[in-house]
Amino acid sequence: MVIFFLRFFVGVSSTLLICLVLIGFFFENQYEDAIGQEHLRLTKALTGLLSTRMCHVPEQQWPVEIEQLAGEYAYTIALTDMDSLPAAKQLALVSDGVVVSVESGFIKDAVRVYYPNPCGRGVIRYIPNVDFNSFYNVLIGVTLGFVLISFALAVLMLAWPIIKHINNMVSASLAIADGRFDAKADEDAPAPLDELARAINFVANQISQLIQEQEVMISAASHELNTPVMRLNFALELADRIDDPEALKAHVRSMKLDIEQLEQLVVEMLAYSKFSFYSAKVYPEPLHLLPVIEQAQEQASRYSDKFVIEMACDAGLVVLAEEKSLLKILSNLLTNAHKYAKGYARITATALADCTCITVDDDGPGIPESERQAVLQPFYRIENSRSRDTGGVGLGLAIVNKVMALHGGRLEIGSNEFGGASIQLYFPLQPVQGAARMATLAQ
């Protein structure tokens, strides 16, 4: 924290000092001219007074008169030779009758004023005993020091909350890395740290959720696999006791159904795992919706000739989605409808103001309102049966929900006029990125 503060303070203070030095450099000539004019005004009057005294006494008494006058005024006055001056000042003194030399310093200015001796040979030199500007220079220095101290305190007051929030995020990140996913970064931070805090918390929640889902997946998979495997083991033992060829064929067909159930379970588990990874991504693009719906309908119609699927979709309707993922979730929904419906399903696509809505209705028993959130969890079934007829795997709606989240859309479950389930899929019209995608995935 100290290093952060010192770097920030030194950087800003250096910038401020450089600006002051540049200002002093650009205004140095104006400052020296003003100081020179002030001393020129004062020494001009002294020169007139000195000439009055010196011109009425012999040359031998000039030093006495000069010393007396210098004691009365704040100047050191001396009579020097013209040759002691540089050639440039000699020429200026002859042409202008006066030379003012000002060399400004940070604490004290060096001022010299030269006049020709009005009473004879030599040059009268004035050196101020009191630097009129030294007090102001000291005052400026003290003021600058006070400004820097005040600025340091202001920087500390501004930097302290930022440093505190950064330390909080570091602590939260280290805790998350240590496996404590309940650690949270303080989101009540100044921008843009609040976005960073929300991102850290989002990542922690995602990792925690993935680990929980992995644990559930492992536990449920072992349980789900156990049932068909036990049936197969029992069927294999039973097969050795069957002598009738026809009965044995029927028994083998039953075993094949168990193997198909195992295959379906593995395929669905792999699909769910694919869409559950945090790195999972979809690549939406504008698609004509009708051909995808027709393909999903064709796949679902293979289950039974008596299963009727009605479609209502404009030929020109476009949805922003990944074709492969869209076909997967529509097939899942129609497969569910085939399992639970009496024999009818309807798929409708509608263009809304801010999204595209796809609705799948069936005439089955529906999903109770109290179960509509639970059915989105993996391996959850409304009924506890694991029969081949309606048990299913319990991953269909969970996969649909994951895919919708990756698209930045949402899934809603309701009921319809047939008393069956109504599944609505809402696809955004524009790609969802950044904080909006984080919020969707976190749901």
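Everything below is about the structure printed above this text.
Residues numbered from 1 in each chain as written. Predicted model: local features only at pLDDT ≥ 70, side-chain atom pairs only at ≥ 80, totals over all residues. Heavy atoms only, no water.

**Some remarks on the environment of Tyr126**
And then number 1: Tracing the sequence through the fold places Tyr126 in strand 4 (residues 123-128).
And then number 2: Residue classification places Tyr126 among the buried residues on the basis of a relative accessible area of 0%.
And then number 3: With 15 residues separating them in the primary sequence, Tyr126 and Val111 have C-alpha atoms 8.3 Å apart.
And then number 4: Other than its neighbours up to four places away in sequence, Tyr126 contacts Thr43, Leu46, Thr47, Leu50, Tyr75, Thr76, Ile77, Val111, Arg112, Val113 and Tyr115.
And then number 5: Separated by 2.8 Å, the side chains of Tyr126 and Thr47 make a polar contact. (Helix = DSSP H or I, 4+ residues; strand = E, 2+ residues; numbered from the N terminus. Buried < 20%, exposed > 50% of the residue type's maximum accessible area, 1.4 Å probe, protein only. Contact = heavy atoms within 4.5 Å. Polar contact = N/O pair within 3.5 Å; in protein donor to acceptor, adjacent residues only side chain to side chain.)

**Here's the deal with the sheet that holds strand 1 (residues 75-80)**
And then number 1: The strand order across the open sheet formed by four strands is 1-4-3-2, and the pairing between neighbours is antiparallel. The sheet is open, and its two edges are formed by strand 1 and strand 2 (99-103), each paired on a single side. The sheet shows a mean angle of 20° between the axes of neighbouring strands, taken without regard to direction.
And then number 2: The sheet contact formed by strand 1 and strand 4 spans six bridges and is antiparallel. (Pairing = 2+ DSSP bridges. Axes fitted to C-alpha atoms, helices over the stretch in contact; angles between N-to-C directions.)

**Structural notes on the pattern of salt bridges**
And then number 1: Considering all chains together, one arrives at 10 salt bridges under this definition.
And then number 2: With its nearest N and O atoms 2.9 Å apart, the salt bridge here joins Glu38 to Arg41. With Glu38 and Arg41 both in helix 1 (residues 2-54) and three residues apart, the pair spans about one turn of that helix.
And then number 3: The structure contains a network of salt bridges with shared partners spanning Asp194, Glu195 and Arg198. (Salt bridge = Lys/Arg side-chain N within 4 Å of Asp/Glu carboxyl O.)

**Notes on helix 2 (residues 62-72)**
And then number 1: Within the sequence span of helix 2, burial applies to Trp62, Glu65, Ile66, Leu69 and Ala70. For helix 2, the arc enclosing every buried residue in end-on projection is 130°, short of the 170-degree limit, so these residues lie on one face. Residues of helix 2 that are exposed and point more than 90 degrees away from the buried face comprise Pro63, Glu67 and Gly71. (Arc of directions from axis to C-beta.)

**Re the packing of aromatic side chains**
And then number 1: What the rule picks out here adds up to three aromatic pairs.
And then number 2: Judged by centre distance (6.0 Å) and plane angle (85°), the rings of Tyr75 and Tyr126 are edge-to-face. Taken together, the residues span a long stretch of sequence, with Tyr75 in strand 1 and Tyr126 in strand 4 at a distance of 51 residues. Per residue, the accessibility class of Tyr75 equals that of Tyr126, and both read buried.
And then number 3: Judged by centre distance (5.8 Å) and plane angle (90°), the ring pair of Tyr115 and Tyr126 falls under edge-to-face. Pair noted here: Tyr115 is in strand 3 (residues 110-116) and Tyr126 is in strand 4, with a separation of 11 residues, a long-range link. Per residue, the accessibility class of Tyr115 equals that of Tyr126, and both read buried.
And then number 4: In this structure an aromatic cluster arises from ring pairing among Tyr75, Tyr115 and Tyr126.
And then number 5: When the ring centre of Tyr426 is taken as reference, the NZ or CZ atom of Arg410 above it lies at 4.1 Å. (Phe/Tyr/Trp six-rings, centres within 6.5 Å; stacked < 30°, edge-to-face > 60°. Lys NZ or Arg CZ within 6 Å of the ring centre and 35° of its normal.)

**Focus on the packing of helix 8 (residues 323-340) against helix 9 (residues 396-406)**
To describe two helices that pack against each other, one gives the angle between their axes and the distance between the axes.
And then number 1: Remark: helix 8 packs on helix 9, axes separated minimally by 9 Å, with the N-to-C direction vectors making an angle of 150°. The orientation of helix 8 relative to helix 9 falls into the category roughly antiparallel. Note on packing geometry: the crossing formed by helix 8 with helix 9 is left-handed. Across from Ser325, Ile329, Asn332, Leu333 and Asn336 in helix 8, the residues of helix 9 making contact are Gly396, Leu397, Ile399, Val400, Val403 and Met404.
And then number 2: By residue class, the composition of the contact of helix 8 with helix 9 is seven nonpolar, four polar and no charged. (Parallel < 35°, antiparallel > 145°, perpendicular 65-115°, else oblique. Left-handed = near helix turned anticlockwise from the far one by under 90°. Nonpolar A, V, L, I, M, F, W, Y, C, P; charged D, E, K, R; others polar.)

**Observations concerning the sheet that holds strand 11 (residues 421-428)**
And then number 1: The strand order across the open sheet built from five strands is 6-8-9-11-10, with neighbouring strands paired in mixed fashion. Strands at the two margins of the open sheet, each flanked by one partner only, are strand 6 (308-312) and strand 10 (410-415). Adjacent strand axes in the sheet meet at a mean angle of 15° when their direction is disregarded.
And then number 2: Summarising the sheet, strand 9 (residues 355-362) and strand 11 pair through seven bridges and their orientation is antiparallel. Directly across from Asp361, in strand 11, lies its bridge partner Ser422.
And then number 3: Here helix 7 (residues 289-301) sits on the sheet and contacts strand 6, strand 8 (344-351) and strand 9; the angle it forms with strand 6, its principal contact strand, is near 175°.
And then number 4: Strands strand 6, strand 8, strand 9 and strand 11 of the sheet are contacted by helix 8, whose axis makes an angle of about 170° with strand 11.

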